[in-house]
Amino acid sequence: MAYVKRIQITRRSLDSLSPEVLVLGLFEDGELSDFHKNIDEAAAGALSQRIEIGDFEGKAGKTLSIFPGKPANRILLVGLGKREDFTLDRLRQAAGTAVKTVQASKIDTMASEVPGGDALKSAAAEVSQAWVEGLILGSYRFLDYKSDTEDATVMNRITLINGASRVGVERGRAVAEAVCFARDLANHPSNVATPARLVTEARRIARSSGMRCKVMGRDQFTQMGMGAFASVARGADEPPKFILIQYSGGKKGEKPFAFVGKGITFDTGGISIKPSSKMDEMKFDMCGAATVLGIMQAVGRLKPKVNIVGAIAATENMPGGHATKPGDIVRAYNGKTIEILNTDAEGRLVLADALAYVSQKHDPRYMVNFATLTGAVIIALGHVASGVMGNDEKLIDAIRKAAEASGEKVWPLPLWDEYCDDIKSKIADVKNLGAPRQAGTIAGGAFLKEFVGETPWAHVDIAGTAWRDKDQPYMPAGPSGVGIRLSLELLNILG
Ligand code: BES
Ligand code: MN
Ligand code: ZN
């Protein structure tokens, strides 16, 4: 959960606040803003002295605590790096570093400026939003199942004293809390974060902001013709669910944006079973679904003036007496037949039906799916960027812009005809595998393309970015909640 309670903006003077700790951001050039100079004066030069003797160089990721007594007991300097390299994402990172440092000192209130805005071309609201996102996301911990260890320090109050925009702070809160919610959902193990639990969360989100929520069980979606989704769910005793959430913020009848998520709550591989090493990580195979739920939660609070559909295909992928076997052929919602050559390529199967359904029933303006689809995307892009591919250049360009604005990197891969030929089956319309050991991520995208019809669509493969082993300034090791901030930017760009 996010370990930040209240964030407030004040115009009161520092003297009257006398915070336990005051956070200031400094660039490598050592230049103090007018606001910094006032504080330095009140601190009898404690700030400028430490900088002069070289104790603090403003490098990104570095901090220094000083204890001047006035105007705050402690001042925490946080490095912003080089002024000319500064970005909103650097700002988010600095915020994450700052909040973690304060929490580590077990201090539960802090005051801070919103630093670095003058070095950016962004509007004040965007700068405040990024700072608040960094604070909340940086405070994130998941300790739900720890009974005998100390809890992390809750920041009961963060007071922003200089440069804060109310709109930006509120937006940052809504967005970051949605990301933390998605991280929590992903962190819960598969015996807790079941398809039914995803339904509970979807209903809660829908109820809290007047959205419609529709859920179909196994019999219902099988009868409707979702043979691909049903084939994955066959091996699982845990009841699968197809979840739809509809948000109406735009005009009646206006085409919606659609977000579709892969919700494999555990991926054993099915009969094409995975090796046991690191199989536990396959509880994260529902991260695409968590992203869609996070988007809808944030949308419910931000209320953009567009229509949005969120869709999730949720099931376990299990081996068992009823499970689909390699070579089996099934028919998807759009009528195409699929030869299932590997039951571990299940994400594209559940998405095939979800994408076909949403494209036919909701005729979206744009449709974007998020899926931990291929291990191959980690080979191609590591844990740095998500792979993006699709059938619409304008949408892909907009996603790339949204990635830049949100700091959630994406990189495009082509869906050329040669790749699309690789998923043709000898015996059915398509097969769920491409050419052996070749362009595995693209094969996934090429397969999905068969099911989107004419809808402008993009597939974001988040297998490398949905969780990481390494701590980052505003992302502790574990699930990242990737795709939510990106999608909200996308709605800004295309909405
Ligand atoms: N969920 C996995 C992909 C994955 C693997 C995500 C590792 C994150 C880390 C997906 O269902 C899968 O098993 N994909 C196969 C596809 C293959 C059989 C064509 C893969 O990547 O090996
Ligand atoms: Mn799989
Ligand atoms: Zn999977």
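Treat the numbers as computed from the prediction; the structure is a model and nothing was measured. (Residues numbered from 1 in each chain as written. Chains lettered and ligands numbered in written order. Predicted model: local features only at pLDDT ≥ 70, side-chain atom pairs only at ≥ 80, totals over all residues. Heavy atoms only, no water.)

Enquirer: Would you mind going over the site of ligand 1 with me for this structure?
Expert: The full set close to ligand 1 counts 17 residues, and Lys274, Asp285, Asp344, Glu346 and Gly375 are the nearest of them. Within the contact set of ligand 1, an oxygen atom lies 2.8 Å away from a side-chain nitrogen or oxygen of Glu346. In this structure, Gly375 approaches ligand 1 through a main-chain N or O atom, which is 2.7 Å from an oxygen atom. Contact with the protein chains hides 78% of the accessible area of ligand 1, taken as 510 Å² for the molecule alone. (Near = heavy atom within 4 Å. Polar contact = N/O pair within 3.5 Å; in protein donor to acceptor, adjacent residues only side chain to side chain. Areas by Shrake-Rupley, 256 points an atom, 1.4 Å probe, with all protein chains shown as cover.)

Enquirer: So what exactly am I meant to see when it comes to the sheet that holds strand β14 (residues 386-390) here?
Expert: By way of backbone hydrogen bonds, the strands of a sheet pair with one another, either parallel or antiparallel. With mixed pairing, the eight strands of this open sheet are ordered in space as β7-β8-β10-β9-β13-β17-β14-β15. Taken across any chain shown, the strands that pair with only one partner, and hence form the sheet edges, are β7 (212-216) and β15 (410-412). Averaged over all pairs of adjacent strands, the angle between strand axes in this sheet comes to 20°, irrespective of strand direction. Alignment of β14 against strand β17 (residues 457-461), held across four bridges, turns out to be antiparallel. Note on β17: the bridge partner recorded for Met389 is His459. Each of β8 (241-248), β9 (257-267), β10 (307-317) and β13 (366-371) touches helix α10 (residues 287-302); the most contacted strand, β9, lies at about 140° to it. Relative to the sheet, helix α16 (residues 484-494) contacts β9, β10, β13 and β15, its axis offset from that of β9 by approximately 165°. (Pairing = 2+ DSSP bridges. Helix = DSSP H or I, 4+ residues; strand = E, 2+ residues; numbered from the N terminus. Axes fitted to C-alpha atoms, helices over the stretch in contact; angles between N-to-C directions. Contact = heavy atoms within 4.5 Å.)

Enquirer: Just to check I follow, could you spell out the coordination of the manganese ion (ligand 2) for this structure?
Expert: A metal bound by six donors in octahedral fashion has ideal angles of 90 or 180 degrees, whereas one bound by four tetrahedral donors has an ideal angle of 109.5 degrees. Looking at the manganese ion (ligand 2), the protein donor atoms are Asp267 (OD), Asp344 (O), Asp344 (OD) and Glu346 (OE), and they sit 2.0 to 2.2 Å from it. For the manganese ion (ligand 2), the six donor atoms in the first shell make angles of 70 to 167° at the metal, so the coordination geometry reads as irregular. The motif formed by the donor residues of the manganese ion (ligand 2), counted along the single chain, is D-x76-D-x1-E. The two metals, the manganese ion (ligand 2) and the zinc ion (ligand 3), are separated by 3.2 Å and share Asp267 as a common coordinating residue. Residue Asp267 is located in strand β9, and its partner Asp344 is located in the loop between β12 (337-339) and α11 (347-362); the two are separated by 77 residues in the primary sequence. By relative accessible area, which is 2% here, Asp267 ends up buried. (Donors = N, O, S within 2.8 Å, 3.2 Å for Na, K, Ca; no water. Tetrahedral: all angles 85-135°; square planar, octahedral: opposite > 155°, others 65-115°. Buried < 20%, exposed > 50% of the residue type's maximum accessible area, 1.4 Å probe, protein only.)

Enquirer: In this structure, what is going on with unusual backbone geometry? I would like to understand it.
Expert: Apart from glycine, the bulk of residues carry a negative phi angle, and the bulk of peptide bonds sit in the trans form. The residue after Lys70, namely Pro71, is reached through a cis peptide bond having omega -5°. Its place among the elements puts Pro71 in the loop between β3 (63-66) and β4 (74-79). In this structure, Ala44 is a non-glycine residue whose phi angle is positive, near 55°. By secondary structure assignment, the location of Ala44 is in the loop between α2 (34-42) and α3 (46-52). Ala44 gets classed as exposed once you look at its relative accessible area, which sits at 64%. The phi dihedral of Lys278 is positive, around 65°, even though this residue is not glycine. Classification of Lys278 by relative accessible area gives exposed; the value is 52%.

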